[in-house]
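# Summary of structural features
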Amino acid sequence: ADFGANVVRNHWMTKPNRGEAGFFDASVWEEAKKDSNLAIKRLINAGLTNTSSTCVLIGSQTYARPWVHYEIFKSVEKGNTVIGVHINEFKDKYQRIKVPGPNPFEHLAVQVSEDGLSVTPLVFGNNSWTTFPEMPRWKLGRAANPGHWGKIVQLSTFGIPTYRWVADDGYNNFASWVGE
């Protein structure tokens with residue numbers, strides 16, 4: 001998946017200008033020194049500054065990574081456009097292709113408050129939803145859909161699209177995926 005992630009992150013290099021690629025890489029993973037949870041949160045928060053879109057590169061284990069969960073929840077809280085891109089269709093050095101990983105947006109949800117004014121992030125694991133410990137409840141800018149009040153709502157039901165980099169021709173279509 002590292003090879004696939006690098007292809008997606010660096011596809012802009014072969015375009016006439018970086019803006020044409022449709023994104024500016026705000027990834028902080030390479031720089032993250034796991035000194036503490038607070039340090040990682042600060043790096044992710046800084047990486048999201050001045051962004052309007054978040055692209056989640058989906059590999060085999062992305063759905064289970066807590067810091068990916070944090071970045072997704074912070075992006076949703078911030079109001080970013082969020083998309084997912086499956087990157088497992090690239091051949092490895094043995095010419096093998098991994099199967100696409102699970103959709104992380106199906107493993108994340110929010111518990112909407114009874115009055116619809118705040119949400120608590122949840123993660124699915126061990127056959128149940130549990131509070132995501134790295135991020136507290138947050139207030140919404142406006143009330144949630146009344147049909148969601150007091151309910152658990154998976155992020156995948158919010159219409160977050162997912163694409164396949166190879167099959168959906170990400171090189172040429174990425175800019176349209178993020179709405180540029």
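Before any of the text, the structure's been laid out above.
Below or above, wherever it landed, is the structure these notes cover. The structure displayed is predicted, hence computed values, not measured ones. (Residues numbered from 1 in each chain as written. Predicted model: local features only at pLDDT ≥ 70, side-chain atom pairs only at ≥ 80, totals over all residues. Heavy atoms only, no water.)

### Points about the overall build of the chain
Operational definition: For helices the rule is a DSSP run of H or I covering at least 4 residues; for strands it is a run of E covering at least 2, with both sets numbered from the N terminus onward. For each residue, the accessible area found with a 1.4 Å probe, counting protein chains only, is set against the maximum for its type, and the residue is called buried under 20%, exposed over 50%, and partly exposed in between. Note on definitions: a residue-residue contact is assigned when non-hydrogen atoms from the two residues lie within 4.5 Å. In this description, accessible areas are obtained by the Shrake-Rupley approach with a 1.4 Å probe, and a residue is regarded as covered only by the protein chains that are shown.
For the chain, the count of helices and strands is four helices and eight strands. Reading the chain from its N end, one meets helices and strands in the order α-α-β-α-β-β-β-β-β-β-β-α. A buried classification covers 41% of the 180 residues belonging to the chain. Pairs at least 24 apart in sequence give 64% of the contacts found in the chain among residues at least 6 apart. Looking at the chain as shown, the accessible area adds up to about 10200 Å², and 51% of this sits on carbon and sulfur atoms.

### Focus: unusual backbone geometry
The phi torsion at Gln 95 lies on the positive side, around 65°, for a residue other than glycine. Looking at the element boundaries, Gln 95 is found in the loop between strand S2 (81-86) and strand S3 (108-112). One non-glycine residue, Asn 126, lies in the positive phi region at around 55°. Position of Asn 126 relative to the elements: it lies in the loop between strand S4 (118-125) and strand S5 (128-131). Under the relative-accessibility criterion, Asn 126 is labelled exposed at 78%.

### Brief notes about the nonpolar core
What counts here: Nonpolar cores were defined as sets of buried Ala, Val, Leu, Ile, Met, Phe, Trp, Tyr and Cys residues, with membership established by side-chain atoms within 4.5 Å.
Counting 24 residues, the largest nonpolar core has Val 56, Ile 72, Phe 73, Phe 105, Val 110 and Leu 155 as its most contacted members. Those elements giving two or more residues to this core turn out to be helix H2 (37-48), strand S1 (53-58), helix H3 (66-78), S3 and S4. With five residues, H3 is the single largest residue contributor to this core. Dropping the residues within four chain positions of it, Phe 73 is found in contact with Leu 108, Ala 109, Val 110, Pro 121, Leu 122, Val 123, Phe 132, Met 135, Trp 138 and Leu 155. Membership of the second largest hydrophobic core comes to nine residues, among which are Ile 83, Ile 87, Trp 177 and Val 178.

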